[in-house]
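# Residue-level structure breakdown
This is what each chain is made of:
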Amino acid sequence: MQKYQRLYDYIHEYQRLVYDFYSKDSVAFLTTYYHIDSDETIWEDENVFAGAYDRVGEYSGIRWNKVLLLPVFFIDEINTPLDGQEIGYVKENQTTFVIPSSYGITPLPNDKLKLEQSYLRPTNNIYPLFNVGGVEKSVNADRLFWKIIVQLEQSVTETQLNDQVEATYTFFDYDKKIHTVSDATFMTRLLSKNESLRAVGKGLFDNNSGFYFI
């Protein structure tokens, strides 16, 4: 029987490009991501007498998981629409970016993030916080991309968020997953030791016998 390829095989090639390549090797922008800790947050389940539920401060029950060095992709140009409010015209400064679901994080509305700036601005911490205003799913499948819509945060500071951080995590680039800082530090040391052993043993291996000779 003659072998043939279906016409939609190119779709699988596209999916491999998107899910296996883009999520690992495309240009990324590093961020510090503040993710709402749904388990530790104390949710207000009754009507709040004085107004909106406090997001930060001593009366807020919201707790955050802080994720360091989280890569995001495909950042759009920042739009600056003017919104007429009681206090006057306010610039929203809105943009979007993408996070692969393979990283193990599900973005939530009102999450916060800040672009990592230790290299670009090591002595002048002026990069703004952004607030997640909307989350879209690329496809309804097991592997997908989250498209995040963010606006400039107008009133919350990073210092206030850090006071309510429940746990700190970091993105580990080797396996493209989020780990605790202690686990990521341990795995980094293991990788460094493996590289050192590889360099030392490179000239000691005998291809004919398959043994290392010291």
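Residues numbered from 1 in each chain as written. Predicted model: local features only at pLDDT ≥ 70, side-chain atom pairs only at ≥ 80, totals over all residues. Heavy atoms only, no water.

## Points about the overall build of the protein chain
Across its full length, the protein chain holds three helices and ten strands. Helices and strands appear in the protein chain in the N-to-C order α-β-β-β-β-β-β-β-β-α-β-β-α. Taken across its 214 residues, the protein chain has 30% of its residues classed as buried. Here the contacts in the protein chain between residues at least 6 apart in sequence split such that 61% fall between residues at least 24 apart. Of the roughly 15,200 Å² of accessible surface on the protein chain, a fraction of 52% belongs to carbon and sulfur atoms. (Helix = DSSP H or I, 4+ residues; strand = E, 2+ residues; numbered from the N terminus. Buried < 20%, exposed > 50% of the residue type's maximum accessible area, 1.4 Å probe, protein only. Contact = heavy atoms within 4.5 Å. Areas by Shrake-Rupley, 256 points an atom, 1.4 Å probe, with all protein chains shown as cover.)

## Concerning the sheet that holds strand β8 (residues 145-152)
By definition, the strands of a sheet pair up through backbone hydrogen bonds, in either a parallel or an antiparallel sense. Pairing in this open sheet of eight strands is mixed, and the strands run β5-β8-β7-β6-β1-β2-β9-β10 from one edge to the other. Across the chains shown, the open sheet's two edge strands, defined by having one partner strand only, are β5 (94-100) and β10 (177-180). Averaged over all neighbouring strand pairs, the angle between strand axes comes to 35 degrees, with direction disregarded. In this sheet, strand β6 (residues 112-115) lies alongside strand β1 (residues 29-36) in antiparallel orientation, the contact comprising four bridges. Bridge assignment links tyrosine 33 to a residue of β6, and that residue is leucine 113. (Pairing = 2+ DSSP bridges. Axes fitted to C-alpha atoms, helices over the stretch in contact; angles between N-to-C directions.)

## Digging into the pattern of salt bridges
This model, assessed by the stated rule, comprises four salt bridges. For the salt bridge of arginine 55 with glutamate 153, the shortest nitrogen-to-oxygen distance reads 3.4 Å. Here the residue arginine 55 occupies a position in the loop between β1 and β2 (64-72), and glutamate 153 occupies one in the loop between β8 and α2 (158-162), the gap between them amounting to 98 residues. When the shortest N-O distance is used, the salt bridge between glutamate 153 and lysine 112 registers 2.8 Å. Here glutamate 153, found in the loop between β8 and α2, pairs with lysine 112, found in strand β6; they are 41 residues apart in sequence, far enough to count as distant. In terms of burial, glutamate 153 and lysine 112 fall into one category: buried. Ionic contacts of the salt-bridge type, sharing partners, join the residues Arg55, Lys112 and Glu153 into one network. (Salt bridge = Lys/Arg side-chain N within 4 Å of Asp/Glu carboxyl O.)

## Points about the environment of leucine 191
On the secondary structure map, leucine 191 appears in helix α3 (residues 181-201). Exposure remark for leucine 191: the relative accessible area of 28% places this residue in the partly exposed category. The spatial distance from the C-alpha of leucine 191 to the C-alpha of tyrosine 174 is 9.2 Å, given a sequence separation of 17 residues.

## Re a nonpolar patch on the surface
On the surface, a cluster of nonpolar side chains totalling about 270 Å² of accessible area is made up of Val27, Phe29 and Ile75. Under the relative-accessibility criterion, valine 27 is labelled exposed at 66%. (Patch = residues over 30% accessible without salt bridge, like charges linked within 9 Å, V, L, I, M, F, W, Y side chains within 5 Å.)

## Concerning the packing of aromatic side chains
All chains considered together, the criterion is met by four aromatic pairs. Relative to tyrosine 174, the ring of phenylalanine 172 has its centre 6.4 Å away and its plane inclined at 55 degrees; by these criteria the two rings are tilted. Residue classification places tyrosine 174 among the exposed positions, given a relative accessible area of 63%. Ring pairing ties together the aromatic residues Phe73, Phe74, Tyr103 and Phe171, which thus form one cluster. (Phe/Tyr/Trp six-rings, centres within 6.5 Å; stacked < 30°, edge-to-face > 60°.)

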